[in-house]
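Chains, contacts and geometry: an overview
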Amino acid sequence: MTTRRTVRFAGLAALTAAAAFSLTAFQGGSTDASASPASKDAVSISHSTDAGGAGGAKIRAGSKATETLADGSTARISKLGDLHFTAEIVSDGSVVATLEADQRDAGLDANGMYVVLGVDGEIHSWMGGEHYGPGTYELEGGWTAEVTKLGEQHYRADILDGEGAVVATLDADKQDAGLDANDSYIVLSTRGVISSHV
(Lines give C-alpha, C1' and ligand atoms only; values in the text may rest on other atoms or scores of the structure.)
Protein backbone atom coordinates (compact mmCIF):
# COMPACT_ATOMS: atom_id res chain seq x y z
CA MET A 1 0.00 0.00 0.00
CA THR A 2 1.32 3.45 -0.91
CA THR A 3 0.91 6.36 1.45
CA ARG A 4 0.39 9.66 -0.35
CA ARG A 5 2.40 12.56 1.10
CA THR A 6 0.87 15.97 1.37
CA VAL A 7 2.33 19.38 2.11
CA ARG A 8 1.15 21.43 5.12
CA PHE A 9 -0.07 24.83 3.99
CA ALA A 10 -1.35 26.31 7.28
CA GLY A 11 -4.85 26.75 5.89
CA LEU A 12 -3.80 28.29 2.59
CA ALA A 13 -5.92 27.50 -0.42
CA ALA A 14 -3.19 28.10 -2.99
CA LEU A 15 -0.39 25.64 -3.67
CA THR A 16 2.12 28.39 -4.44
CA ALA A 17 4.65 29.41 -1.83
CA ALA A 18 6.66 32.53 -2.60
CA ALA A 19 8.82 34.45 -0.19
CA ALA A 20 8.32 38.00 0.86
CA PHE A 21 11.97 38.88 1.26
CA SER A 22 13.55 42.28 1.42
CA LEU A 23 17.27 42.85 1.78
CA THR A 24 17.82 45.69 4.19
CA ALA A 25 21.23 47.33 4.28
CA PHE A 26 21.62 49.75 7.18
CA GLN A 27 24.25 52.39 6.61
CA GLY A 28 26.17 54.12 9.40
CA GLY A 29 23.95 55.14 12.27
CA SER A 30 20.58 54.10 10.80
CA THR A 31 18.20 52.88 13.48
CA ASP A 32 14.87 51.12 13.53
CA ALA A 33 12.73 51.13 16.67
CA SER A 34 11.33 47.68 15.86
CA ALA A 35 14.81 46.21 15.54
CA SER A 36 15.56 46.05 19.25
CA PRO A 37 16.03 42.47 20.42
CA ALA A 38 13.72 40.86 22.96
CA SER A 39 14.90 38.67 25.78
CA LYS A 40 13.94 35.01 25.47
CA ASP A 41 12.80 35.20 29.09
CA ALA A 42 10.17 37.81 28.18
CA VAL A 43 8.17 35.67 25.75
CA SER A 44 6.72 32.20 25.47
CA ILE A 45 9.06 30.17 23.25
CA SER A 46 9.38 26.52 22.39
CA HIS A 47 12.60 25.46 20.67
CA SER A 48 13.64 22.56 18.52
CA THR A 49 17.25 22.29 17.38
CA ASP A 50 19.42 19.58 15.91
CA ALA A 51 22.99 19.08 14.85
CA GLY A 52 22.18 20.41 11.37
CA GLY A 53 21.47 23.87 12.75
CA ALA A 54 17.72 23.96 12.26
CA GLY A 55 15.74 25.55 15.05
CA GLY A 56 12.30 26.89 15.70
CA ALA A 57 10.63 29.43 17.94
CA LYS A 58 6.94 30.07 18.61
CA ILE A 59 5.86 33.41 20.04
CA ARG A 60 2.67 35.14 21.14
CA ALA A 61 1.03 37.98 19.20
CA GLY A 62 2.80 41.28 19.73
CA SER A 63 5.85 39.51 21.17
CA LYS A 64 9.40 39.23 19.92
CA ALA A 65 11.97 36.47 20.23
CA THR A 66 15.52 35.83 19.15
CA GLU A 67 16.91 32.67 17.60
CA THR A 68 20.52 31.78 16.77
CA LEU A 69 20.93 30.67 13.15
CA ALA A 70 23.23 28.07 11.61
CA ASP A 71 26.02 30.55 10.78
CA GLY A 72 25.98 32.16 14.23
CA SER A 73 23.91 35.18 13.21
CA THR A 74 20.66 35.97 15.01
CA ALA A 75 17.03 36.20 13.88
CA ARG A 76 14.78 38.70 15.68
CA ILE A 77 11.29 37.32 15.17
CA SER A 78 8.16 39.46 15.58
CA LYS A 79 4.54 38.38 15.35
CA LEU A 80 2.45 40.95 13.50
CA GLY A 81 -0.83 38.99 13.35
CA ASP A 82 -2.35 35.63 12.49
CA LEU A 83 -0.07 33.84 10.01
CA HIS A 84 2.09 36.99 9.81
CA PHE A 85 5.65 37.11 11.15
CA THR A 86 8.84 38.97 10.34
CA ALA A 87 12.43 37.99 11.07
CA GLU A 88 15.34 40.40 10.98
CA ILE A 89 18.66 38.66 10.35
CA VAL A 90 21.36 40.34 12.45
CA SER A 91 25.09 39.82 11.91
CA ASP A 92 27.80 41.70 13.80
CA GLY A 93 25.16 44.00 15.27
CA SER A 94 23.67 45.05 11.91
CA VAL A 95 20.42 43.97 10.26
CA VAL A 96 21.48 42.40 6.96
CA ALA A 97 18.14 40.99 5.75
CA THR A 98 14.44 40.81 6.63
CA LEU A 99 12.08 37.92 5.97
CA GLU A 100 8.30 38.35 6.05
CA ALA A 101 5.94 35.38 6.19
CA ASP A 102 2.45 36.78 5.56
CA GLN A 103 -0.12 34.06 4.79
CA ARG A 104 2.71 31.99 3.22
CA ASP A 105 6.16 30.78 4.26
CA ALA A 106 9.23 32.83 3.36
CA GLY A 107 12.75 31.75 2.45
CA LEU A 108 16.22 33.18 2.06
CA ASP A 109 19.55 32.12 0.60
CA ALA A 110 21.99 34.13 2.75
CA ASN A 111 25.26 33.31 0.98
CA GLY A 112 25.07 29.58 1.64
CA MET A 113 22.97 29.66 4.79
CA TYR A 114 19.34 28.84 4.06
CA VAL A 115 16.48 30.16 6.19
CA VAL A 116 12.74 29.39 6.18
CA LEU A 117 10.33 31.49 8.26
CA GLY A 118 6.96 29.78 8.57
CA VAL A 119 3.53 31.36 8.95
CA ASP A 120 3.51 29.75 12.41
CA GLY A 121 6.51 31.85 13.49
CA GLU A 122 9.02 29.01 13.44
CA ILE A 123 12.37 29.73 11.83
CA HIS A 124 14.75 27.07 10.52
CA SER A 125 18.26 27.48 9.15
CA TRP A 126 20.90 25.16 7.74
CA MET A 127 23.96 25.10 5.53
CA GLY A 128 24.70 22.79 2.60
CA GLY A 129 22.51 20.49 0.54
CA GLU A 130 22.60 22.68 -2.57
CA HIS A 131 21.62 21.80 -6.13
CA TYR A 132 22.40 24.32 -8.87
CA GLY A 133 20.40 25.47 -11.88
CA PRO A 134 17.62 23.87 -13.90
CA GLY A 135 17.11 20.16 -13.42
CA THR A 136 15.37 17.49 -11.36
CA TYR A 137 16.67 16.92 -7.84
CA GLU A 138 15.91 14.61 -4.92
CA LEU A 139 15.26 16.68 -1.77
CA GLU A 140 15.32 15.88 1.94
CA GLY A 141 12.11 14.36 3.27
CA GLY A 142 11.39 12.32 0.12
CA TRP A 143 10.38 15.22 -2.13
CA THR A 144 11.55 15.86 -5.69
CA ALA A 145 12.09 19.30 -7.21
CA GLU A 146 11.86 20.16 -10.90
CA VAL A 147 13.68 23.49 -11.25
CA THR A 148 13.12 25.67 -14.32
CA LYS A 149 14.74 28.98 -15.29
CA LEU A 150 12.09 31.47 -16.42
CA GLY A 151 14.27 34.57 -16.81
CA GLU A 152 16.95 36.71 -15.20
CA GLN A 153 16.74 36.13 -11.41
CA HIS A 154 13.56 34.09 -11.94
CA TYR A 155 13.39 30.36 -11.19
CA ARG A 156 10.47 28.08 -10.46
CA ALA A 157 10.55 24.74 -8.62
CA ASP A 158 7.66 22.30 -8.77
CA ILE A 159 7.73 20.11 -5.65
CA LEU A 160 6.62 16.55 -6.38
CA ASP A 161 5.50 13.83 -4.00
CA GLY A 162 6.54 10.16 -4.23
CA GLU A 163 3.91 9.52 -6.91
CA GLY A 164 5.15 12.36 -9.13
CA ALA A 165 2.24 14.72 -8.44
CA VAL A 166 2.99 18.44 -8.06
CA VAL A 167 2.02 19.39 -4.50
CA ALA A 168 3.61 22.84 -4.30
CA THR A 169 5.41 25.42 -6.42
CA LEU A 170 8.15 27.79 -5.33
CA ASP A 171 8.53 30.92 -7.47
CA ALA A 172 11.74 32.88 -6.91
CA ASP A 173 11.12 35.97 -9.04
CA LYS A 174 13.67 38.62 -7.96
CA GLN A 175 13.27 37.36 -4.37
CA ASP A 176 14.06 34.01 -2.80
CA ALA A 177 11.24 31.61 -1.89
CA GLY A 178 10.86 29.12 0.94
CA LEU A 179 8.52 26.37 2.09
CA ASP A 180 7.86 24.17 5.12
CA ALA A 181 6.78 20.88 3.51
CA ASN A 182 5.75 18.79 6.52
CA ASP A 183 8.95 19.59 8.43
CA SER A 184 11.13 19.40 5.32
CA TYR A 185 12.41 22.91 4.67
CA ILE A 186 13.11 24.08 1.12
CA VAL A 187 14.63 27.31 -0.23
CA LEU A 188 14.83 28.31 -3.91
CA SER A 189 17.02 31.31 -4.68
CA THR A 190 16.97 33.80 -7.53
CA ARG A 191 20.34 32.31 -8.53
CA GLY A 192 18.66 28.97 -9.24
CA VAL A 193 20.04 27.26 -6.14
CA ILE A 194 17.67 24.91 -4.31
CA SER A 195 18.47 23.46 -0.90
CA SER A 196 16.48 21.39 1.58
CA HIS A 197 16.79 20.18 5.16
CA VAL A 198 14.85 18.02 7.61
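Here the structure is shown first, and the text comes after it.
My aim in this report is to walk through the structure given alongside it, one point at a time.

Cut-offs used in this document
Residues numbered from 1 in each chain as written. Predicted model: local features only at pLDDT ≥ 70, side-chain atom pairs only at ≥ 80, totals over all residues. Heavy atoms only, no water. Core = buried A, V, L, I, M, F, W, Y, C linked by side-chain atoms within 4.5 Å. Buried < 20%, exposed > 50% of the residue type's maximum accessible area, 1.4 Å probe, protein only. Helix = DSSP H or I, 4+ residues; strand = E, 2+ residues; numbered from the N terminus. Contact = heavy atoms within 4.5 Å. Pairing = 2+ DSSP bridges. Axes fitted to C-alpha atoms, helices over the stretch in contact; angles between N-to-C directions.

1. Focus on the nonpolar core
Ranked by internal contacts, the top residues of the largest apolar core, which has 18 residues, are Val147, Ile159, Leu170, Leu188 and Ile194. Those elements that place two or more of their residues in this core are strand 14 (144-151), strand 15 (154-160), strand 16 (166-173), strand 17 (177-180) and strand 18 (185-188). Looking at this core, the element that brings in the most residues is strand 16, giving four residues. Leave out the neighbours within four places in its chain, and Ile159 touches Leu139, Trp143, Thr144, Ala145, Ala165, Val166, Val167, Ala168, Leu170, Leu179 and Ile186. Core analysis: the next-biggest nonpolar cluster, separate from the first, contains 16 residues, Ala75, Met113, Val115 and Val119 among them.

2. Description of the pairing of strand 15
Among the seven residues of strand 15, six are classified as buried, and the element is accordingly described as predominantly covered. Joining the antiparallel neighbours strand 14 and strand 15 is a turn of two residues, in which Gln153 adopts a positive phi near 55°.

3. Description of the sheet that holds strand 11 (residues 123-127)
Pairing is antiparallel in the open sheet, where three strands are placed in the order 9-10-11. Looking along the sheet, the strands with just one partner apiece sit at the ends: strand 9 (106-110) and strand 11. Strand-to-strand, the axes of this sheet are offset by a mean angle of 15°, without reference to chain direction.

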